[in-house]
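Tertiary structure, described
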Amino acid sequence: MAKYLVTGGAGFIGSNLVEELVKSKENSVVVIDDLSMGLKSNLPDSKQVTFFQHTITDFKFMKTLLLKEKFDYIVLLAAIASVADSVERPFETHLVNQEANINILETIRKNNLPIKKLYFASSAAVYGDGLELPKRESGAVAPLTQYAVDKFATEREVINFGRLYGIPTVCGRFFNVFGPKQNPASPYSGVLSIIMDKLNSGDQFTLFGDGSQTRDFIYVKDVVNAISGLLHTPEALHDVYNIANGKQTSLMQVISMLEDATGKKLNYELGEPRQGDIKDSVADVSKIEALGFMTHTPLDEGLASYVASVQ
Ligand code: NAD
Ligand code: UD1
C-alpha cells in the first residue's frame, strides 16, 4: 500500500501520471488542484483517487493535509506552467511556482514527516539561451524569466532540503511535453496543443518568430515513466535529471509532421517573437538513461497517438 500526493494532478502531466498510478490497486492518490488549467474530468473515476479543488498557496490547508495523510510519495507538479504568463504576472506565478513548494518542504522538515521520496518538476527553461547544445545537467544555467528563476530556485531548494535534512528528494527538468489531456484553452497553453486545436477548428494560429526555434518534444507517457522511475530508484537522490527525447526539432518541422498526421493544413500568421522565449533547446539524456528505465517514443509515433486521442 503506497500513498501518493500529486499537486497539479488534474493537469496535463499530473492526470496522465494519476491514470498510471491507479493501475496498481496497492496505490491511493490524493490530488490537489485549483483547476486554473486542470480539469476534474481528466482524473480517472476511481475509489483510489481523492480530489481537493484547492490552491497549494493555502499554507495552512497544505500543512494540515500533509500532517494528516503522512504520504509515502509526493509529486510536485502544480504550477503556472507558462513561461509567457510568468512574464506577464511575475509575482503571482512566483507564489505558486516557488513559495508554495517551500511551504511543503518546510512542513516535511519541521515535522519529520517520513516520506519515501519527493519529486519536483523543474524545467528545461532553467538553461536559458546558453550556447551549449545539447543541454547537460552539469552545464550552465541562465534563467531568463520569472518562471525559469522559480524553477531553478525551487529545484535547488528541493535538493538542498533533501541533503541538509535527510529528506529523500529528486528533480526532473522536463523539456517540451505533449500528448493527451494537454489543455489548449489558454493562449499560454503548450504550443502543440494549440496547433492541434487550430488544425481541428480551422482557426488561425499565430507563430511567434519565424518557426526556426527548436525544442526537444517528449511524449507524456515517457515523462510518466521517468517520474515513476526516479521515485523508485534509490540512487536517484538529491539530484536533477533531464527528461527529454534527446532530439532537436524546429517548430516548422513539427507543424509539418502534425499536418501529415492529421491530413489537414494549418492556417497561420507570423507574429513577433515572445519576450524571454528560448531559441534552441535539446537535451543530453545520457544521465537519466544510465538509470535504465527511460523510454523514448519516437516523435512521429507520439504525434500519431496524440492525434488519435483528440480526433
Ligand atoms: P498543467 O497546467 O496542465 O498542470 C499544472 C496544474 O497545476 C494545472 O492542473 C493547474 O490547474 C494546477 N495549478 C496551477 N496553480 C495551482 C495552484 N495555485 N494550486 C493548485 N493547483 C494549481 O501543466 P503541465 O504541462 O501538466 O505541467 C506540470 C508541471 O510540469 C508544471 O510544474 C510545469 O511547470 C512542469 N513542466 C511542464 C512542461 C511541459 O512541457 N508541459 C515542461 C517543463 C516543466
Ligand atoms: C514549455 C512549457 C514550460 C516548460 C518548457 C520546457 C507549457 C505551456 N510551457 O515552454 O512549462 O517549462 O516548455 O522547455 O507547457 N508559440 C507560438 N505560438 C503559440 C504558442 C507558442 O509560436 O501560440 C511558440 C513559442 O513562442 C515558443 C514555442 O512555440 O517558441 C514553444 O512555446 P510553449 O509551448 O509555450 O513552450 P515553452 O515556452 O518552450
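Residues numbered from 1 in each chain as written. Chains lettered and ligands numbered in written order. Predicted model: local features only at pLDDT ≥ 70, side-chain atom pairs only at ≥ 80, totals over all residues. Heavy atoms only, no water.

**Notes on the overall build of the protein**
Definition in use: Here a helix means four or more residues in a row that DSSP labels H or I, a strand means two or more in a row labelled E, and each is numbered from the N terminus. Note that the radius of gyration is over C-alpha atoms, with the globule rule given as 2.2 Å times the number of residues to the power 0.38. Residue burial is assigned from relative accessible area. The probe radius is 1.4 Å, only protein chains are included, and a residue is buried under 20% of its type maximum, exposed over 50%, and partly exposed in between. The method behind every accessible area is Shrake-Rupley, applied with a 1.4 Å probe, and residues are considered shielded solely by the protein chains displayed.
When you go through the protein residue by residue, the secondary structure sums to 10 helices and 13 strands. Its C-alpha radius of gyration of 19 Å places the protein within 12% of the 19 Å reference for a compact globule of 311 residues. With the C-alpha coordinates aligned to their principal axes, the bounding extent of the protein is approximately 55 × 45 × 40 Å. For the protein, the proportion of its 311 residues judged to be buried stands at 53%. As presented, the protein carries roughly 13,500 Å² of accessible surface, and 52% of it is formed by carbon and sulfur atoms.

**A closer look at the pattern of salt bridges**
As a reminder, the rule being used: Criterion for a salt bridge: a side-chain nitrogen of Lys or Arg within 4 Å of a carboxyl oxygen of Asp or Glu.
Evaluated as defined, the whole model comprises 15 salt bridges. Here K23 ties to E20 by a salt bridge, and the two come within 3.0 Å at their closest N and O atoms. The residue E155 makes a salt bridge to R156 at a minimum N-O spacing of 2.6 Å. Taking relative accessible area as the criterion, R156 reaches 31% and is therefore assigned partly exposed. It is possible to trace a salt-bridge network through shared partners that takes in K3, K68 and E69.

**Focus on the site of ligand 1**
Formally: Only heavy atoms are used to decide nearness, and a residue is near a molecule or strand if one of them lies within 4 Å of it. Within 3.5 Å is the distance limit for a polar contact, defined as a pair of N or O atoms, with the added protein rule that one can donate a hydrogen and the other accept it, and that residues adjacent in sequence qualify only through two side-chain atoms. Here the term charged refers only to Asp, Glu, Lys and Arg, the term nonpolar to Ala, Val, Leu, Ile, Met, Phe, Trp, Tyr, Cys and Pro, and the term polar to all other amino acids, Gly among them.
Taken together, 28 residues lie near ligand 1, and F12, I13, D33, Y147 and K151 sit nearest. K151 has a polar side-chain atom sitting 2.8 Å from an oxygen atom of ligand 1. Elements with a contribution of two residues or more to the shell around ligand 1: helix 1 (12-21), strand 5 (117-123), helix 5 (146-165) and strand 7 (176-178). Considering each element in turn, the shell around ligand 1 owes the most residues, three residues, to strand 5. Class assignment for the residues of the shell around ligand 1 results in 16 nonpolar, nine polar and three charged.

**Some details on the side chain of N183**
Just so we agree on the cut-off: Two residues qualify as a contact provided that any one of their heavy atoms is within 4.5 Å of a heavy atom in the partner residue.
Within the fold, N183 resides in the loop between strand 7 and helix 6 (191-201). What makes N183 buried here is its relative accessible area of 18%. Within the structure, N183 has its side chain in polar contact with the backbone nitrogen of A185 (distance 2.9 Å). Sequence-distant contacts of N183, that is, excluding residues within four places in its chain, are made with M37, S189 and S193.

**Here we look at the nonpolar core**
Rule in force here: Among buried residues, the Ala, Val, Leu, Ile, Met, Phe, Trp, Tyr and Cys ones that are joined through side-chain atoms within 4.5 Å form a nonpolar core.
The biggest cluster of nonpolar side chains holds 44 residues, and the ones touching the most others in it are I13, Y119, F174, I227, L230, I243 and I288. Of all hydrophobic cores here, the second largest spans 28 residues; its members include I80, L113, V158 and I159.

**Side note on the packing of aromatic side chains**
Condition: Pairing of aromatic side chains requires ring centres within 6.5 Å, counting the rings of Phe and Tyr and the six-membered ring of Trp. Pairs whose planes differ by under 30 degrees are stacked, by over 60 edge-to-face, and all others tilted.
Tallied over the entire structure, the rule returns seven aromatic pairs. Their ring planes at 25 degrees and their centres at 6.2 Å tell us that Y119 and F174 sit as a pair that is stacked. Note that Y119 is positioned in strand 5 and F174 in strand 6 (residues 169-174), a separation of 55 residues in sequence. Centre to centre, the rings of F178 and Y219 are 5.4 Å apart; their planes meet at 50 degrees, and the pair counts as tilted.

**A short note on the sheet that holds strand 5**
Which entries qualify depends on this criterion: By definition, two strands form a pair when at least two bridges between them are found by DSSP. A fitted line through C-alpha atoms represents every axis, and for helices the fit uses only the stretch in contact; the resulting angles, taken between N-to-C directions, go from 0 to 180 degrees.
With respect to topology, seven strands assemble into an open sheet ordered 3-2-1-4-5-6-11, the strand pairing being parallel. Each edge of the open sheet is held by one strand with a lone partner, namely strand 3 (49-53) and strand 11 (240-243). The sheet shows a mean angle of 20 degrees between the axes of neighbouring strands, direction not considered. Against the sheet, helix 1 touches strand 1 (2-7), strand 2 (27-33), strand 3, strand 4 (73-76) and strand 6, its axis set at about 165 degrees to strand 1.

**Here's the deal with the domain arrangement of the protein**
To be explicit about the condition: Throughout, the edges of the domains are those of an automatic or database domain assignment. Once two parts are put together, the accessible area they lose, assessed with a 1.4 Å probe and summed over both, is termed the buried area.
Structurally, the protein comprises domain 1 (2-176 + 217-243) and domain 2 (179-216 + 247-281 + 298-310). The C-alpha centroid of domain 2 is placed 25 Å from the C-alpha centroid of domain 1. Counting residues at the interface gives 25 residues for domain 1 and 29 residues for domain 2. Both faces combined, the contact of domain 1 with domain 2 buries some 2,200 Å², and carbon together with sulfur accounts for 62% of it.

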